[in-house]
Amino acid sequence: MENIVRTRFAPSPTGFMHLGGMRTALYCYLYAKAHNGKFVLRIEDTDQERFVEGATEVIYSSLKEGGMTYDEGPDVGGDYGPYVQSQRKDIYLKYAKELIEKGGAYYCFCTKERIESLRDENGNVRYDKHCLHLSKEEIERRLAAGEPYVIRQNIPEHGVGEYEDAIYGHISVDYSELEDGVLIKSDGMPTYNFANVVDDHLMHITHVIRGTEYLSSTPKYNLMYDAFGWERPVYIHLPPIMKDATRKLSKRYGDANFDDFVSKGYVPEAIINYIALLGWCPKDNSEKMTMSEMIEKFSLDGVSKSPAIFDDAKCRWLNGEYLKAMTDEEFLKVALPFIKKSKAYGKYDDMLLARLMKTRVEILSEIPEKIDFLEEFGEYDPQLFCHKKMKTDESLAKTVLPMIRETLEKLPSFTHDAIHDSLIALATEKGYKNGQILWTARVALTGKDVTPGGAVEMAELLGKDRSLERIDFSLSLLNK
Ligand code: GLU
């Protein structure tokens, strides 16, 4: 047991999964797996006022979708459960009492009003250790009388708390900067500051991986580890993820929620791959990596101290790479919900639409507007036939469109290759450049000069009848 690496992801159920949280989970997972260790999920729900229905399910499903299978957790069990803090209430109280015995904590009966009266001219409250000096008898009497109380940590007034962080190096915090914070609230629930210590110890967590916001409060936790006589874990604090130089990635800007990315048409593997790179660079500078490649390459040397900036363009690019690497069948599966949002849905072969889009979008939500044009055929400006480089114009179109129509009409099977070969043969036979025939056909079939895919793909998608209909319509425009 002693030598097994055990990491934990300990989110609070807020109802959505922040990409920063996903990155923490990912590094916990990668670190554990890179060391043949265990990855544990613990739900930190001691703040009952912030309870959100269904929020734990969001955590389970996001981790599963992201490919981070936890070895222990509320819904999968394990030897050190329960893994939900609200179900561990009695455990915390027992340890808080033990900490009181050891001098690391004390009962506090101060009223809200008294605490308020401690507010200084800057509006800050700093508890004055008033209740630390109550006699044993008085404490007993007030407890027996059922007076409401909290349990506070007893931080030394002098001295320095020091530790080595695996990323940030030597950290030292003056105890005078720390407060006698509440460990057990008046409702009997622990605060994060207490529960994280008790649980990390009882769950045999060897490496605590979390955001830098905990870097300077960690000396408080170390005081408790030391008072209990428990071994401190290794601390690995991670740099924040920023939207830009000054702003953190946050739900407020609508760009931090894992589920939103998935609904915008990012594939979970690509998001996970991208966030892995926010703060970590593998030795070989790889970018596109599978989960097992990441496990193989992950090491703390490559984790940076500097804040990582979320680069939209790069994330989109990487997603596009994942889409391109899919088989047509895989792509159709993920693309279909987006194809369904287009006006074109139901009128074309889904697989043909998917093939057309696979290499042409970076995120799936671009699909509907990219294929809507198929259904927007109508009056257009015949000037579109004029293309200098292709050497095409309206009069050429008038001459070649009837030939194109005849060629297509004669085709016994209207497949990509048959359409392609027949149009090329037509160009050769009549002495035109391939581009002259193909450009003219493309405009006639779509009424557009920019389309994803050329004449052959457009004709194949439309099918023979609609292709001929559209050529007829285009000829009538030219002859007006
Ligand atoms: N519940 C804490 C959070 O969501 C966990 C911090 C930690 O990993 O210790 O920020």
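Everything here concerns the structure above.
Definitions and cut-offs
- Residues numbered from 1 in each chain as written.
- Predicted model: local features only at pLDDT ≥ 70, side-chain atom pairs only at ≥ 80, totals over all residues.
- Heavy atoms only, no water.
- Buried < 20%, exposed > 50% of the residue type's maximum accessible area, 1.4 Å probe, protein only.
- Helix = DSSP H or I, 4+ residues; strand = E, 2+ residues; numbered from the N terminus.
- Pairing = 2+ DSSP bridges.
- Right-handed = clockwise from strand over helix to strand, strands pointing away.
- Salt bridge = Lys/Arg side-chain N within 4 Å of Asp/Glu carboxyl O.
- Axes fitted to C-alpha atoms, helices over the stretch in contact; angles between N-to-C directions.
- Core = buried A, V, L, I, M, F, W, Y, C linked by side-chain atoms within 4.5 Å.
- Contact = heavy atoms within 4.5 Å.
- Near = heavy atom within 4 Å.
- Polar contact = N/O pair within 3.5 Å; in protein donor to acceptor, adjacent residues only side chain to side chain.
- Areas by Shrake-Rupley, 256 points an atom, 1.4 Å probe, with all protein chains shown as cover.
- Nonpolar A, V, L, I, M, F, W, Y, C, P; charged D, E, K, R; others polar.

Participant: Before we go on, may I ask you to explain the pairing of strand β1 (residues 6-9) in this structure?
Facilitator: Where a strand is regular, its side chains alternate between the two sheet faces. Residues R6 and R8 line one face of β1 and the alternating positions T7 and F9 line the opposite face, and both faces are buried. Alignment of β1 against strand β2 (residues 38-41), held across four bridges, turns out to be parallel. For F9, the partnering residue across the bridge sits in β2 and is L41. Note that the unit made of β1, helix α1 (residues 19-34) and β2 has a crossover that is right-handed.

Participant: What's the story with the pattern of salt bridges in this structure? I'm lost.
Facilitator: A side chain of one charge can pair with a side chain of the opposite charge when the charged atoms of the two come close. With the rule as written, the count across this model stands at 34 salt bridges. One salt bridge in this structure joins E362 and R316, with 3.4 Å as the shortest N-O distance. Linking E362 in the loop between α13 (350-358) and α14 (367-372) with R316 in helix α11 (residues 312-324), this pair joins segments that are 46 residues apart in sequence. On the basis of relative accessibility, which here comes to 30%, the residue E362 falls in the partly exposed class. Given a relative accessible area of 27%, R316 falls into the partly exposed group. Between K343 and E376 there is a salt bridge; the shortest N-O distance is 2.7 Å. Remark: E376 occurs in the loop between α14 and α15 (394-410) and K343 occurs in the loop between α12 (328-339) and α13; sequence separation between them is 33 residues. The exposure class of K343 is partly exposed, given its relative accessible area of 44%.

Participant: Can you help me understand the sheet that holds strand β3 (residues 105-108) in this one?
Facilitator: Pairing between the strands of a sheet comes from backbone hydrogen bonds, and it takes one of two forms, parallel or antiparallel. Across the sheet, which stays open at both edges, the three strands sit in the order β3-β4-β7 with antiparallel pairing between neighbours. One side of each edge strand has no neighbouring strand; the edge strands of this open sheet are β3 and β7 (182-184). Recorded for the sheet is a direction-independent mean angle of 45 degrees between the axes of neighbouring strands. Both strand β4 (residues 150-153) and β7 contribute to a ladder of two bridges, which runs antiparallel. From the neighbouring strand, R152 faces β7, where its bridge partner is V182.

Participant: Mind showing me how you'd approach the nonpolar core here?
Facilitator: As a rule of thumb, soluble globular proteins bury nonpolar side chains together. With 150 residues, the main nonpolar core has L63, M68, F194, F331, I367 and I404 as its most contacted residues. Examining the composition of this core, we find that 11 residues originate from one element, helix α18 (residues 455-478), more than from any other. What I367 contacts, discounting residues up to four positions off in sequence, is F331, A335, F338, I339, M357 and V361.

Participant: Can you walk me through helix α2 (residues 55-65) in this structure?
Facilitator: Among the residues of α2, those classed as buried are A55, V58, I59, Y60, S62 and L63. Contact partners of the buried residues in α2: β1, α1, β2 and α8 (258-263).

Participant: Looking at this structure, I do not really get unusual backbone geometry. What am I missing?
Facilitator: At the junction of G81 and P82, the peptide bond is cis and its omega measures out at -5 degrees in the coordinates. Take P82: it is sitting in the loop between α2 and α3 (89-101). Residue N285 is not a glycine yet carries a positive backbone phi of 60 degrees. Tracing the sequence through the fold places N285 in the loop between α9 (268-276) and α10 (291-297). Although it is not a glycine, K391 sits at a positive phi angle of roughly 60 degrees. What makes K391 exposed here is its relative accessible area of 54%.

Participant: How should I be thinking about the site of the ligand in this particular structure?
Facilitator: Every residue lining the ligand is accounted for by R8, A10, P11, S12, E44, Y192, R210 and Y214. Separating an oxygen atom of the ligand from a side-chain N or O atom of R8 is a distance of 2.7 Å. In the environment of the ligand, an oxygen atom lies 2.7 Å from a nitrogen or oxygen atom belonging to the side chain of Y214. Burial of the ligand by the protein amounts to 81% of the accessible area it has alone, namely 300 Å². Of the residues that constitute the shell around the ligand, the class distribution is four nonpolar, one polar and three charged.

As far as function goes, none of this settles anything; it's purely spatial.
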